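# Inside the fold
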Amino acid sequence: MIYSSSDIKVFYLFLQASLSNRISGQYPLVQNVTVTEGGIANLTCRVEFNDNTSLQWSNPAQQTLFFGDKKALRDNRIELVRATSSELTISISDVTLSDEGMYTCSLFTMPVRTAKAYLTVLGVPEKPEIDGLTKPAMEGDHITLTCITQGSKPAADLRWFRNEKEVKGAKEVNASGKTFTVRSSLQLQVDRNDDGVAYTCRVDHVALTQAPQQATEVLEVHYAPRVEITHSLEVPQEGQYLKLECVSKGNPSPDPVMWTKDGSELPDLDRMIVEGRELTFTSLNKTDNGTYRCEASNHLGTSSAQYVLYVYDPNALGQHGTDHALIGGVVAVVVFVTLCLIIVLGRYLARHKGTYLTNEAKGADDAPDADTAIINAEGNHAHAEEKKEYFI
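Residues numbered from 1 in each chain as written. Predicted model: local features only at pLDDT ≥ 70, side-chain atom pairs only at ≥ 80, totals over all residues. Heavy atoms only, no water.

Going by an unreviewed UniProt entry, the chain carries the name Ig-like domain-containing protein and comes from Astatotilapia calliptera. According to the UniProt record, the Sequence similarities (unreviewed entry) comment for the chain is "Belongs to the nectin family." Comment text from UniProt for the chain, heading Subcellular location (unreviewed entry), reads "Membrane". (UniProt positions renumbered as here; feature names shortened; annotations may be inferred.)

Structure representation (structure tokens):
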């Protein structure tokens, strides 16, 4: 068979393209890997076309780890996962920060072709610790809570929470070799509202895939008591049951409390029963009238509250109620009548505006004295109808 020059040229171009594709497919392909400290890193090297040329993995120190399926470095953590003509995959278990670096996959063609994959190792932050808490704290104290975590890579983030609400702290980051030590401080002036409050320091980091590391401290704040008295009746009446309660809040708890009447001890303990913080009157009478005082103390101070008791006669209270209703009705009627009179008077005055002259004034134009003015006025009475003027 005889080939023309054009056929030979086409065949040559096809052969050149095939050879080019084959050569380009012999470049090794790798990917960067990120793993958490203590985890397992899988390093994979692949080629699309290979004529049984060996693949090799070497570490950042250029030490050969595997040449094909043959292990070259004695490290029990490094194992072969897969070795074929087109793939070499190895694993490194229990990865440490020192394993981080650039790993090289080599394909032993002429010339040797290589690809590099960077192994990133994440440093897991340690569980945080909170320092600076004094138990108990006193109301008004200034305290500084400090949260510390070590071993993170990259640097961890610390967040503070007061119960469930986030509050802002001041963060400080220091490098320690390949890892970081992170501190966050929270300054407080504690009061009674901080007693029993949980302050939590939480570590956020990319290596913590499950749940964040955190530490919690519950504040105990001591404060002086505050006292108030609550009562079961608004209008105490003779014969009724009355309960007074001394509500005292303080830490330590100000128990027991002390009840007095008019500055002295309670006079009738048969009807006045004290149980804990409660003072109970089983049946009120007029002799119970007076000022009752409740006092509570702890080592930080003393607080007291007063309740003035006045016992009403049920019959007199009912009569007073009737009298008050009657008086209220009378007052309402008087007010209504007064308003009506004001309205009528106002309308009357509006309709009768004008100028009016007394008898003396009518004859005063030509009169030398008052008597003459009156006579002139009476003399002119006959013409009064002609001179009347009305202003409406």
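From this point, the discussion proceeds with the structure in view.
## A short note on the overall build of the chain
The number of helices and strands found in the chain is 5 helices and 25 strands. Per-residue burial for the chain yields a buried fraction of 32% across its 392 residues. Taking the intrachain contacts of the chain between residues at least 6 apart in sequence as the baseline, contacts between residues at least 24 apart amount to 60%. Total accessible area on the chain stands at roughly 25000 Å², and carbon and sulfur atoms take up 53% of it. (Helix = DSSP H or I, 4+ residues; strand = E, 2+ residues; numbered from the N terminus. Buried < 20%, exposed > 50% of the residue type's maximum accessible area, 1.4 Å probe, protein only. Contact = heavy atoms within 4.5 Å. Areas by Shrake-Rupley, 256 points an atom, 1.4 Å probe, with all protein chains shown as cover.)

## Some words on the pairing of strand 6 (residues 78-83)
Of the pairings in the sheet, the one linking strand 6 to strand 7 (residues 87-92) comprises 5 bridges and is antiparallel in character. Along strand 7, the bridge assignment pairs Glu79 with Ser91. In sequence, strand 6 turns back onto strand 7 through a hairpin of 3 residues. (Pairing = 2+ DSSP bridges.)

## Things to note about the nonpolar core
Within the largest apolar cluster, 22 residues are counted, with the highest numbers of intra-cluster contacts made by Leu43, Leu55, Trp57, Ile90, Tyr103 and Leu119. Breaking this core down by element, the ones donating at least two residues are strand 1 (33-36), strand 2 (41-46), strand 3 (55-58), strand 4 (64-67), strand 7, strand 8 (101-107) and strand 9 (113-122). Apart from residues no more than four positions distant in its own chain, Ile90 is found in contact with Ala41, Asn42, Leu43, Trp57, Leu65, Phe66, Ile78, Glu79, Leu80 and Val81. (Core = buried A, V, L, I, M, F, W, Y, C linked by side-chain atoms within 4.5 Å.)

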